[in-house]
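# An overview of the molecular structure
What follows is the residue order along each chain.
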Amino acid sequence: MSPALHSIVSFLQTWWVQLVSGVLIVAVVPLIAGYVVLVERKLMADMQARLGPMRVGPHGLLQPIADALKLLIKEDIIPDNADKAIFWLAPVVSMTAALVSMGAIAFGPWFQVAKDINIGILFVLGVSSLGLFGIVLGGWASNSHYALIGALRSTAQLVSYETAAGLAIISGLLLAGTLQIRSIVDAQQHYGVWFIFLAPVAFFIYLVASIAETNRAPFDLPEAESELVAGYMTEYSGFRWALYFLGEYANMIVVAAVATTLFLGGWLRPFPNVRWLNWLDVLPALFTAGVGAYCVYRAGKQPVRVQALFMWAVAALCFLVALILAATVFVPLLQAARPGFLGAFWFMLKVSAYIYVFMWLRFTLPRYRFDQLMHLGWYLLIPLAIVNVFSVGMAMMLESEFGWNRWLALVVTMLFTLLAAAFLLHLNDKRTAAASSAAAETSDTYAG
Amino acid sequence: MLDSIIFYFFAGVAILSAALMVTRRNAIHSAVFLITTLLATAGIFLQLRAEFLFIAQIILYVGGIMVLFVFVIMLVRLDVPLHHITFRFQKWVALFVAIALACEVGVMFWYVRRLPSAGLLTPPAPSPDQLPPNSEQFAKVLFSNYLLPFEIASILLLVAMIGAVVMAKKRT
């Protein structure tokens, strides 16, 4: 065997787990993103008392695949005066950044591409923020005013809200004392509570900032239909548009995964240290079996034979997953695999819950105006996040140096933060009142 | 062998895109090549096991400064005033800088030849578990040995930020 071939083989031997997980991410995330779109449409339909997609597959379950096929064979239009190279590059950048940043996320204690990198959460943040270039360059290269304005808005919005999100994450990292994703989750197990209970203000700031960062309603100004057609995506069609869309949804998953890791206890089950709640380990298997049973029930009601068959297939998949999850709990031989599989289940559940909140807010709240958005970011969230970093640090110092009870220290410092929030809100009210009265004075031309 | 392949890849990309960045007419294209250069340099940092520097480079330079660069380039039409900017002594200044840079590179090569290992082209590659965690080490050094320079730098940045805000503020 030649030395070159030998080194390649040894490389594969050391890194095959990482390579396989990487390929899995690239292959599976677009599929998941497609189904997230379906879930969003179904939820929106439900909240607006409609049915949503029902035609393709039972309950529209094959709709994402039909959409993907349609986008693949759609005509690919490039505007005449567009900057072709950058027009091609931009959607790819958007998508790649989201997928690469997923490499450092731990989906459960086992499923992680870049295991044990020291800068874990910073890597996710830094690389996912590169997706911004996809938006900016795409907007510029389209040679269209709508696209350009959408890109500018998006840049301003993301740069502002990344600051707030970063500061909120710092509060969580102060509690964890590390950047490594595994150690962050271990720290939450060590404390016995999720960090959302220790730093609720930080979680709230991160929630708002992450909605703004993923360009979703009520902060979806870069693609506000009534003002900008589709913002930076105006000139894109077909598969390039689909890449943008996938990048956006993949980014949502990334943001939700960061929030889950840092604030919602990662892959830990609820109450990870309470012994008598160990029966919760059976819950994942029961849950997936329940979903499978529901699919069987619905399969009987499908009007078309093919649809019923598809429903049966989904049910079989659910039962298979349930069987695997149950086997890791009950079969002593497979108990080594228990933390990996159950952890992945809990992680996915929390990520889904976070994304559900995203969608819920989208269907509930009206869109902000752009100056309101900027005010919210710069006048409220960023100062509040700075105060919060200070007070979380203070609480930790009170606990370690002065021997206070942890909860007492946290409550006292949190009161301080809330006081600051009230003060900021008061300032904001005064500012908007002054601005509106000034606007009334200048526009009051017919009064006298 | 793999290490040197990766190193030459990143170094080649960095140098090539730096050259392209200087020669492009279109300012946005230049910005894209500058981003590529910065990313390739970050890759070299990562290969040297300087994880924190790698991510700091990406977050600060690529994700922060370059975004603002591109933002400004998009807002300002750069192709119009391009012909007026060339000043008279540009050629001589450029020649001087080029000679200085060539001397620097030459001196560097000469010193590296005299090192015992003569290892310019093979970066040190200890396995990660032998190294102390990078960002912790970084923080310790920054907040103990170099605390004063760190604070001075942050005050400098704060002054610059306040100055920018004051200058940009509307005069009423």
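The rules behind each value
Residues numbered from 1 in each chain as written. Chains lettered and ligands numbered in written order. Predicted model: local features only at pLDDT ≥ 70, side-chain atom pairs only at ≥ 80, totals over all residues. Helix = DSSP H or I, 4+ residues; strand = E, 2+ residues; numbered from the N terminus. Buried ≥ 20, exposed ≤ 12 C-beta atoms within 10 Å, placed from the backbone. Contact = placed C-beta atoms within 7 Å. Axes fitted to C-alpha atoms, helices over the stretch in contact; angles between N-to-C directions. Parallel < 35°, antiparallel > 145°, perpendicular 65-115°, else oblique. Nonpolar A, V, L, I, M, F, W, Y, C, P; charged D, E, K, R; others polar. Domains from an automatic or database assignment. Arc of directions from axis to C-beta. pLDDT = per-residue confidence, 0-100. Expected span 1.5 Å × (residues − 1). Bend = angle between axes of the 7 residues up to and from the residue.

## Here we look at the overall build of chain B
Helix and strand content of chain B: six helices and zero strands. Tracing chain B from N to C terminus, the helices and strands come up as α-α-α-α-α-α. Looking at chain B as a whole, 16% of its 172 residues are labelled buried. When contacts within chain B are restricted to residue pairs at least 6 apart in sequence, those whose partners lie at least 24 apart make up 59%.

## What to know about the packing of helix α3 (residues 84-102) of chain A against helix α4 (residues 120-129) of chain A
All names here are of chain A. Contact geometry of α3 with α4 gives a least axis separation of 8 Å together with a crossing angle of 175 degrees. The orientation of α3 with respect to α4, classified from their angle, is roughly antiparallel. Facing A97, A98, V100 and S101 of α3, the residues of α4 in contact are V124, V127 and S128. Looking at the contact of α3 with α4 residue by residue, the class counts come to five nonpolar, two polar and no charged.

## Focus: the domain arrangement of chain A
Residue and element names in this part refer to chain A. Partitioning chain A into domains gives domain 1 (3-268 + 361-368), domain 2 (277-360) and domain 3 (370-437). If you average the C-alpha positions of domain 1 and of domain 3, the two centres end up 28 Å apart. Taken together, the 22 residues of domain 1 in the interface contact 19 residues of domain 3. Sorting elements by how many residues they give to the side of domain 1 that touches domain 3 places helix α6 (residues 145-176) first, with 12 residues. Each residue belonging to the side of domain 1 that touches domain 3 can be placed in one class, and the counts come to 17 nonpolar, four polar and one charged.

## As for the interface of chain A and chain B
Facing 22 residues of chain A, the contacting portion of chain B comprises 19 residues. When residues in the side of chain A that touches chain B are grouped by element, the largest group, six residues, is from α4 of chain A. For the side of chain A that touches chain B, a count of residues per class yields 17 nonpolar, five polar and no charged.

## Digging into helix α7 (residues 181-191) of chain A
All names here are of chain A. Residues of α7 that are buried include every one of I181, I184, V185 and Q188, and no others. Along α7, the residues classed as buried sweep out an arc of 95 degrees about the axis, all on the same side. In this structure, the buried residues of α7 make contact with α4, α6, α8 (195-198) and α11 (238-263). Backbone geometry just downstream of α7 places G192 in the positive-phi region, at approximately 90 degrees.

## Overview of the confidence of the model for chain B
Taken residue by residue, chain B gives an average pLDDT of 81. The fraction at 70 or more is 80%. This complex was scored by the predictor with a pTM of 0.84 and an ipTM of 0.77.

## Overview of unusual backbone geometry
Leaving glycine aside, a negative phi is the common case for residues, and trans is the common case for peptide bonds. Residue and element names in this part refer to chain A. Notably, N143 is not glycine yet its phi reads approximately 55 degrees, a positive angle. You can see N143 is positioned in the loop between α5 (131-141) and α6. Judged by the 15 C-beta atoms lying within 10 Å of it, N143 is partly exposed. Positive phi, close to 60 degrees, is recorded for N215, a residue that is not glycine. Take N215: it is sitting in the loop between α9 (200-213) and α10 (225-228).

## Description of helix α1 (residues 3-47) of chain A
Residues and elements named next belong to chain A. In this model, α1 (45 residues) spans 63 Å end to end at C-alpha, consistent with the 66 Å of a helix rising 1.5 Å per residue. Taken as a whole, α1 carries its principal kink of about 70 degrees at W15. Along α1, the residues that are buried comprise I25, V29, P30, A33, G34, V36, L38, E40 and K42. Of the surrounding elements, those touching the buried residues of α1 are α2 (63-73), α3, α11 and α14 (338-364). Trailing α1 by a residue or two, A49 shows a phi angle of about 55 degrees, which is positive.

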